[in-house]
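# Close look at the chain arrangement
As a plain string of letters, each chain reads:
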Amino acid sequence: MASHTVFRLPSRTSVTDLVAVEERIPSISKHEVLIKVRAVSLNSRDIQVASGTYPAYVKENVIPGSDAAGDIISVGEEVRDLVKGDRVVVSFDIAHMYGPQKDFLTGQGGGVDGVLAQYIARPASSVVKVPASAPQSYSELASLVCTGVTSWNALYGNMPLKPGQTVLVQGTGGVSMTAVVLAKAAGATTIVTSSSDEKLEFVQSHFQPDHCINYRKTPDWASQALELTGGKGVDHIIEIGGIGTIEQSIRAIAPGGIISVIGYLASVDPSQRPDVPLLALLKNCVVRGVLVGPRCMLEDLMTFVDRRKLRFHIAKEYAFTREDIIAAYQAVEAGKHVAKVCIVMDWLRGPCREL
Ligand SMILES: NC(=O)c1ccc[n+]([C@@H]2O[C@H](COP(=O)([O-])OP(=O)(O)OC[C@H]3O[C@@H](n4cnc5c(N)ncnc54)[C@H](OP(=O)(O)O)[C@@H]3O)[C@@H](O)[C@H]2O)c1
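The name recorded for the chain in an unreviewed UniProt entry is Putative zinc-type alcohol dehydrogenase-like protein, from Aspergillus ibericus CBS 121593.

Our next topic: the overall build of the chain. When helices and strands are counted, the chain shows ten helices and 15 strands. Expected size for 355 residues packed as a compact globule is a radius of gyration near 20 Å; at 20 Å, the chain falls within 12% of this value. The principal-axis extents of the C-alpha atoms in the chain amount to approximately 65 × 40 × 40 Å. The contacts in the chain between residues at least 6 apart in sequence include a share of 71% that link residues at least 24 apart. Working note: accessible area of the chain is about 15,100 Å², and carbon and sulfur atoms make up 53% of it. A distance of 3 Å separates the average location of the 35 positive side-chain charges in the chain from that of its 36 negative side-chain charges.

Glancing now at the pattern of salt bridges. One pass over the structure, following the stated rule, counts 13 salt bridges. In this structure, the salt-bridge partner of Arg8 is Glu23, at a minimum N-O distance of 2.7 Å. In this pair, Arg8 is assigned in strand β1 (residues 3-8) and Glu23 in strand β2 (residues 19-24), connecting sequence segments 15 residues apart. A residue is classified by how much of its surface remains accessible, and Glu23, at 23% relative accessible area, is partly exposed. Here Lys59 ties to Asp113 by a salt bridge, and the two come within 3.0 Å at their closest N and O atoms. In this pair, Lys59 sits in the loop between α1 (44-51) and β4 (67-75) while Asp113 sits in the loop between β5 (87-90) and β6 (119-123), placing the two residues 54 residues apart along the sequence.

Once that is clear, we can look at the nonpolar core. Counting residues in each nonpolar core, the largest one holds 47 residues, and the members touching the most others are Val89, Met177, Leu182 and Ile238. Listed by contribution, the elements that provide at least two residues to this core are α2 (138-142), α3 (144-156), β8 (166-170), α4 (174-185), α5 (197-207) and α9 (295-307). In terms of domain composition, this core takes at least three residues from each of domain 1 (3-143 + 313-344) and domain 2 (149-289). When neighbours within four sequence positions are excluded, Ile238 is seen to be in contact with Ala154, Leu155, Val167, Leu168, Val169, Gln170, Val175, Ser176, Ala179, Ser260 and Ile262.

For a regular strand, the rule is simple: side chains alternate between the two faces of the sheet. The buried fraction of strand β3 (residues 32-41) is high, at eight of ten residues. Of the strand pairs in this sheet, β3 and β6 are connected by five bridges, and their pairing is antiparallel. Within β6, the residue paired with Ile35 across the bridge is Ile120. Pairing of β3 with β4 involves eight bridges; the strand directions are antiparallel. Bridging across to β4, Lys36 finds its partner in Asp71. Two strands pair when backbone bridges link them, and β3 and strand β15 (residues 340-344) are joined in this way by three bridges, in the antiparallel orientation. Paired with Ala39 across the bridge in β15 is Val344.

With parallel pairing, the six strands of this open sheet are ordered in space as β10-β9-β8-β11-β12-β13. Strands with a single pairing partner mark the edges of an open sheet, and in this sheet they are β10 (211-214) and β13 (286-289). Strand-to-strand twist across the sheet, computed as the mean angle between neighbouring axes with direction ignored, equals 15°. Sheet topology note: the β8/strand β11 (residues 234-239) ladder contains three bridges and is parallel. The residue bridging Val169 from the neighbouring strand is Ile238, located in β11.

Quick look at a nonpolar patch on the surface now. Taken together, the side chains of Tyr57, Phe104, Leu105 and Leu291 present a nonpolar region at the surface, about 380 Å² in accessible area. Mapped onto the elements, Leu291 comes out in the loop between β13 and α9. The partly exposed category is assigned to Leu291, whose relative accessible area is 39%.

As a further point, take helix α8 (residues 276-283). For α8, the full list of buried residues reads Val276, Ala280 and Lys283. One side of α8 carries all its buried residues, which in axial view fall inside an arc of 70°. Opposite the buried face of α8, by more than 90 degrees, sit the exposed residues Pro277, Leu281 and Leu282. Looking at the residues trailing α8, positive phi occurs at Asn284, about 60°.

What counts, and where the lines are drawn
- Residues numbered from 1 in each chain as written.
- Predicted model: local features only at pLDDT ≥ 70, side-chain atom pairs only at ≥ 80, totals over all residues.
- Heavy atoms only, no water.
- Helix = DSSP H or I, 4+ residues; strand = E, 2+ residues; numbered from the N terminus.
- Rg over C-alpha atoms; globule rule 2.2 N^0.38 Å.
- Contact = heavy atoms within 4.5 Å.
- Areas by Shrake-Rupley, 256 points an atom, 1.4 Å probe, with all protein chains shown as cover.
- Lys, Arg positive; Asp, Glu negative; His and termini not counted.
- Charge placed at Lys NZ, Arg CZ, Asp CG, Glu CD.
- Salt bridge = Lys/Arg side-chain N within 4 Å of Asp/Glu carboxyl O.
- Buried < 20%, exposed > 50% of the residue type's maximum accessible area, 1.4 Å probe, protein only.
- Core = buried A, V, L, I, M, F, W, Y, C linked by side-chain atoms within 4.5 Å.
- Domains from an automatic or database assignment.
- Pairing = 2+ DSSP bridges.
- Axes fitted to C-alpha atoms, helices over the stretch in contact; angles between N-to-C directions.
- Patch = residues over 30% accessible without salt bridge, like charges linked within 9 Å, V, L, I, M, F, W, Y side chains within 5 Å.
- Arc of directions from axis to C-beta.

Take a look at the structure:
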């Protein structure tokens, strides 16, 4: 049986703990498919897993990475709806078909082995076929798995976004930039916040949001968001900071609006922690935790991005070597990127594509 290269984390103290291992290409059961991975998209979670700060269960010696796109190489004898040659993505949690996430046991690159490998075997039930007409690259498709589904879940999983509503996203990372693309395609007014004028300038020219706010220069960005919405407030907020930003979010939200709590990147002095229940009550708003989303959302998202031919920004692609993968992880860790950082398997060495 032929071997392939996989990356594992025998220890989890830093992104440099990643090691390359030669292993046998996995064999498949009758309900599984074998996928040749073409691209892996990195998330903030991957840095947390590698450095030991991820706040959920991670298996020993895990293969990291949750987001892959690739081609089916072979299918089990009982698989009916997928065939060799199909372009596919795999759902973030291979056992999560519908409804809210109930545990962390089967999330790829956490509770179970992930996708940073040349070949992966997965249950056919966790795999979503990419329509032949979809224009997106493998990197863009891989990026739909975690940040894509999380954004979709935020915008449609509880109080569905309506055309004409306003969506505010915090920061210019993967979740937020994906949410901007989806919200614009749905006819929403969009507001992007960032710590960097340089990033906002790029976002303005590349994504054309309706408004941008530098949250460093304007710490009371809620007042500006209220002004931009004629005092009405924002209908949907993609909450990336968590405890450090939620007070501003509740100030910016329209009465009855929804704040999707997704990230936890901003801290606050414990003595300054906001009284979230009281603030939410007074604003009549929904504060909803969002944990990625089930396979059925990945399918809905795939249909939408194919039909609307939506394209997703990849800041930089790296090669499938230990050196390049660590550089990719470090790029995400450094936070200088806008949107996504990816690893591509059949990458011909040359200058990295930087957008
Ligand atoms: N709940 C879930 O299911 C789920 C799914 C995916 C991600 N997440 C979480 O969501 C967060 C973002 O993930 P990602 O993959 O999009 O990360 P990412 O691509 O690394 O982007 C992170 C961005 O967060 C922004 N940011 C940092 N501190 C901020 C603050 N105080 N206020 C506003 N924005 C701030 C920065 O934007 P600027 O540089 O422009 O300021 C940065 O670019 C992480 O905490 C991640 O763990 C959760």
